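# Commentary on secondary and tertiary structure
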Amino acid sequence: MANLIVLEGLSRTGKTTIAKQLHANGFGKIISLNEKMPDNTDLESFYKGCFSSYDAFFKTLKDETFILDRSFLSEMVYPKLFNRNSVINDNYLKSFLSNNVVCTYYLTNTHADYMKRNPKDSYIYSKDDYSKLKKFFDDSVKSLKKNHLAWIETVNTSKLDLEKTTNLIIDKQWKIQKHLLR
């Protein structure tokens with residue numbers, strides 16, 4: 001089983017910055033897609049290929065720790081906003097979560113903070129789209145928790161600065177690692 005620290009959530013919440021801080025503190029290797037919405041690409045096929053590659057990678061390096069800047073939760077949410085099919089289904093999700101030790105941090109913020117953090121996405125979310133996206137994430141997190149499929153911690157980066165958020169995650173990860181070593 002690979003140990004996975006998954007940073008999920010809304011755009012401009014600090015996922016990449018936190019991943020770099022976790023890596024700098026020795027918590028694992030970062031896996032991140034630089035291009036989340038490549039031009040002229042069938043996104044369903046693109047993400048299906050990414051997830052298949054990840055699975056093979058994690059099975060091969062099963063004793064390693066990886067920090068994922070987005071993963072299964074985003075693939076459950078973004079297809080709803082952009083009206084495309086998701087490559088995540090219940091069988092894939094159950095397999096992924098049972099074959100790896102997964103600690104997921106769902107990062108949220110406000111639309112105002114999203115705009116303050118100078119979005120560089122190819123698609124800039126309106127306040128309405130951002131609210132829809134947050135609702136899709138919130139609903140998916142509730143469903144995963146209700147069905148006991150995943151451990152997910154929600155962190156609002158509008159209320160905590162990036163340093164405090166990173167320290168909170170580092171503290172949680174130390175506790176989790178101590179618990180797993182018992």
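Refer to the structure presented above.
Attention in this report is confined to the structure presented alongside it.

The rules behind the values
- Residues numbered from 1 in each chain as written.
- Predicted model: local features only at pLDDT ≥ 70, side-chain atom pairs only at ≥ 80, totals over all residues.
- Heavy atoms only, no water.
- Helix = DSSP H or I, 4+ residues; strand = E, 2+ residues; numbered from the N terminus.
- Rg over C-alpha atoms; globule rule 2.2 N^0.38 Å.
- Buried < 20%, exposed > 50% of the residue type's maximum accessible area, 1.4 Å probe, protein only.
- Arc of directions from axis to C-beta.
- Salt bridge = Lys/Arg side-chain N within 4 Å of Asp/Glu carboxyl O.
- Polar contact = N/O pair within 3.5 Å; in protein donor to acceptor, adjacent residues only side chain to side chain.
- Expected span 1.5 Å × (residues − 1).

### Topic: the overall build of the chain
Within the chain, the regular secondary structure consists of seven helices and five strands. Ordered by position in the sequence, the α and β elements of the chain form the string β-α-β-α-β-α-α-β-α-α-β-α. On C-alpha atoms alone, the chain measures out to a radius of gyration of 16 Å, which is about the 16 Å that the 2.2 N^0.38 rule sets for 182 residues.

### Description of helix H1 (residues 15–24)
Taken as a whole, H1 has its buried residues at Lys-15, Ile-18, Ala-19 and Leu-22. Viewed along the axis of H1, the buried residues span an arc of 105 degrees, placing them on a single side of the element. In H1, the exposed positions that point more than 90 degrees away from the buried face belong to Lys-20 and Ala-24. Backbone geometry just after H1 places Gly-26 at a positive phi near 80 degrees.

### Thoughts on the pattern of salt bridges
Inspection of every chain in the model, using the stated rule, returns seven salt bridges. Glu-75 is the partner of Arg-84 in a salt bridge, and the nearest nitrogen-oxygen pair spans 2.7 Å. Each member of the pair, Arg-84 together with Glu-75, is buried. Among the salt bridges present, the one from Lys-116 reaches Asp-113, with a minimum N-O distance of 3.6 Å. Linking Lys-116 with Asp-113, this pair stays in helix H5 (residues 111–116), spanning three residues, or about one helical turn.

### What about the environment of Asp-69?
Its place among the elements puts Asp-69 in strand E3 (residues 65–69). When its relative accessible area of 5% is taken as the criterion, Asp-69 is described as buried. Separated by 64 residues in the primary sequence, Asp-69 and Ile-5 have C-alpha atoms spaced 8.7 Å apart. Of note is the side chain of Asp-69, whose polar atom sits 2.5 Å from the side chain of Thr-16. A polar atom in the side chain of Asp-69 sits 3.3 Å from the side chain of Ser-32.

### With respect to helix H2 (residues 43–60)
In an α-helix, one full turn covers 3.6 residues, which means residues spaced three or four apart are oriented alike. With 18 residues, H2 ought to run about 26 Å at 1.5 Å a step, and its terminal C-alpha atoms sit 26 Å apart, in line with that. Within H2, the full set of buried residues consists of Leu-43, Tyr-47, Cys-50, Phe-51, Tyr-54, Asp-55 and Phe-58. One face of H2 carries all of its buried residues, which in axial projection span an arc of 135 degrees. The outward face of H2, more than 90 degrees from its buried face, is lined by the exposed residues Lys-48, Lys-59 and Thr-60.

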